[in-house]
Amino acid sequence: MDLGSPSRSCPLTLPCELTIPHFPNYRDGHMDGASSYIAELFNLAALAAGDISSIFGGTLPILNEGEAWPRCASCARPLSPYLQVNASSVHTPEEFRAVLFELEDCPARHKEGSGDLTPLFQVFLCTKGGRDFSCLEQSASGAVSTPAWLIRCAKISTRSATGIPRALASAENTTAWGSIDPDFSLPQRVISSWTAGNPEALAIEALDELDDIGDYDGAFFEAHGPASGLKLLGNAVLGKVNNISGPLNGRCTEGAGDDLDADGGHWDYRCLVQLGTPQLAGDHNFSTTGNIWVYQCKQHPDVFRIGYSYIL
């Protein structure tokens, strides 16, 4: 990618590239009061149709017919929809759509007998809090091995977002929806589109993890340091202590032979989404003390890992 300025060339002797983050453009208005359920349904229909890019927060996900509400593997409570992105909408950044279309389960919008199918990228999180921190933070920090999230790209029937949504099509799912603690759920917000931001380099803290990097220009990394908050792509904000979920310290274990290192895995990740959870404290009670993001393996794009910086 030509970034148009010699000062933006990477000052490292190793291969290095700047990546473009994309930040949300929220549509004005929050959903509250007696009309919030109808408003959420209306916005979900707009999401499925591709009229908007994404929905942040809320209490209702789009699920396929017969699909059970996803639950936390740690506490068994229903997960809350955190981010739902229409991966075929023209309002979703092309760069983000391109990496998702590498997934076999996330093809471009097409028809298959039963009706239109829309590729939807979804992040579900456990928003349960407690005296020992939240399931999410315990899981993301590596304190427990069970995931408190679901990250996926699914083919969703557009009809699932009209009328009574498929999320509530069973008594079990209706019970799950009703058991989500409103004090820890986020108000639904519509993301109409995304705006490209300043090109980002790796966080300067990441350089300590690289071997034989030689000298580097600290001013360059400060000028192109990762931004905080919710964003697509770019690079993650790191801290003094960082963790990646999964076995072998977060390595991707797909592949074979030369694809794997001596420990049986490999590191070849992109920052797909930074969740922006530390910035969420407000009228609700859900936030995290550290930064959480989603890694996607470049070689095996259906492999997702959660990253967590818990001393910022």
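Parameters at a glance
- Residues numbered from 1 in each chain as written.
- Predicted model: local features only at pLDDT ≥ 70, side-chain atom pairs only at ≥ 80, totals over all residues.
- Heavy atoms only, no water.
- Helix = DSSP H or I, 4+ residues; strand = E, 2+ residues; numbered from the N terminus.
- Buried < 20%, exposed > 50% of the residue type's maximum accessible area, 1.4 Å probe, protein only.
- Contact = heavy atoms within 4.5 Å.
- Expected span 1.5 Å × (residues − 1).
- Salt bridge = Lys/Arg side-chain N within 4 Å of Asp/Glu carboxyl O.
- pLDDT = per-residue confidence, 0-100.
- Phe/Tyr/Trp six-rings, centres within 6.5 Å; stacked < 30°, edge-to-face > 60°.
- Lys NZ or Arg CZ within 6 Å of the ring centre and 35° of its normal.
- Polar contact = N/O pair within 3.5 Å; in protein donor to acceptor, adjacent residues only side chain to side chain.
- Core = buried A, V, L, I, M, F, W, Y, C linked by side-chain atoms within 4.5 Å.
- Disulfide = S-S within 2.5 Å.

Quick look at the overall build of the chain now. Of the regular secondary structure elements, the chain holds 5 helices and 12 strands. Looking at the chain as a whole, 48% of its 312 residues are labelled buried. Counted over contacts in the chain with a minimum sequence separation of 6, partners at least 24 positions apart contribute 72%.

One turn of the α-helix equals 3.6 residues, which is why residues spaced by three or four share an orientation. The terminal C-alpha atoms of helix α1 (residues 36–49), which comprises 14 residues, lie 20 Å apart, in line with the 20 Å expected from a rise of 1.5 Å per residue. Buried within α1 are the following residues: Ala39, Glu40, Leu41, Asn43, Leu44, Ala46, Leu47 and Ala48. Looking one or two residues past α1, Gly50 carries a phi angle of roughly 85 degrees, positive in sign.

Time to look at the side chain of Ser245. For Ser245, the location among the structural elements is in the loop between β9 (241–244) and β10 (269–274). Classification of Ser245 as buried rests on a relative accessible area of 10%. Those residues in contact with Ser245 that sit more than four places away from it in its chain are Trp149, Gly250, Arg305 and Ile306.

Right, let's talk about the pattern of salt bridges for a bit. Per the stated rule, a full pass over the model turns up 2 salt bridges. The partner of Glu67 in a salt bridge is Arg152, and the shortest N-O contact between them spans 2.3 Å. Placement of the pair is Glu67 in the loop between β2 (54–56) and β3 (80–86) and Arg152 in strand β6 (residues 149–157), with a sequence separation of 85 residues. Salt-bridge contacts for Glu200 lead to Lys231; the nearest nitrogen and oxygen are separated by 2.8 Å. Of this pair, Glu200 sits in the loop between β7 (189–196) and α5 (218–223) while Lys231 sits in strand β8 (residues 231–232), placing them 31 residues apart in sequence. When sorted by exposure, Glu200 lands in the same class as Lys231, which is buried.

Once that is clear, we can look at the confidence of the model for the chain. Note: predicted coordinates in regions of low pLDDT should not be interpreted at a detailed level. Per-residue confidence for the chain gives a mean pLDDT of 78; residues scoring 70 or more make up 72%. A low-confidence stretch, residues 160–164 stays under pLDDT 50, and its non-local contacts, those more than four residues away or across chains, total 11 contacts.

Throughout the structure, instances matching the rule amount to 6 aromatic pairs. With centroids separated by 5.7 Å and ring planes inclined at 85 degrees, the aromatic side chains of Trp293 and Tyr295 adopt a geometry described as edge-to-face. Look at Tyr295 and you get buried, because its relative accessible area is 16%. Each residue in the set Tyr26, Phe56 and Tyr82 is aromatic and connected to the rest through ring pairs, giving one cluster. Directly above the aromatic system of Tyr26 lies the positively charged group of Arg189, at a separation of 3.7 Å from the ring centroid.

Further remarks concern the environment of Lys231. Residue class for Lys231 comes out buried when judged on its relative accessible area of 0%. Each C-alpha atom of the pair Lys231 and Trp194 lies 8.6 Å from the other, and the pair is 37 residues apart in sequence. Beyond its immediate stretch of four places on either side in the chain, Lys231 contacts Pro21, His22, Phe23, Trp194, Glu200, Pro226, Leu272, Val273 and Gln274.

So, about the side chain of His224. Tracing the chain through its elements places His224 in the loop between α5 and β8. Within the local environment of His224, its side chain forms a polar contact with the backbone oxygen of Pro199, the two atoms lying 3.0 Å apart.

It is worth spelling out unusual backbone geometry at this point. Phi is positive for Ala76, which is not a glycine, with a value near 70 degrees. In this structure, Ala76 sits in the loop between β2 and β3. The phi torsion at Leu233 lies on the positive side, around 60 degrees, for a residue other than glycine. Among the secondary structure elements, Leu233 is positioned in the loop between β8 and β9.

Position of Thr59 relative to the elements: it lies in the loop between β2 and β3. Residue class for Thr59 comes out buried when judged on its relative accessible area of 19%. Note: C-alpha distance between Thr59 and Ile180 (121 residues apart in sequence) is 7.6 Å.

Another aspect to go through is the nonpolar core. Counting residues in hydrophobic clusters, the biggest one holds 40 residues, and the most contacted among them are Tyr82, Phe96, Phe121, Leu272 and Val273. By residue number, the principal contributor to this core is strand β5 (residues 116–125), which donates 4 residues. Sequence-distant contacts of Leu272, defined by excluding residues within four places in its chain, comprise Phe96, Val99, Leu100, Phe121, Lys231, Leu232, Leu233, Val294, Gln296 and Phe304. With 13 residues, the next largest nonpolar core counts Leu41, Ala46, Ala48 and Leu60 among its residues.

This brings us to the state of the cysteines. Tallying each qualifying case throughout the model produces 0 disulfides. We note that Cys126 lacks a disulfide partner, and the nearest cysteine sulfur, in Cys75, lies 3.8 Å from it.

Along the chain, Val85 turns up in strand β3. Considered as a pair, Val85 and Cys153 are 68 residues apart in the sequence and their alpha carbons are 9.2 Å apart. Sequence-distant contacts of Val85, that is, excluding residues within four places in its chain, are made with Ser53, Ser54, Thr92, Phe96, Pro119, Leu120 and Phe121.

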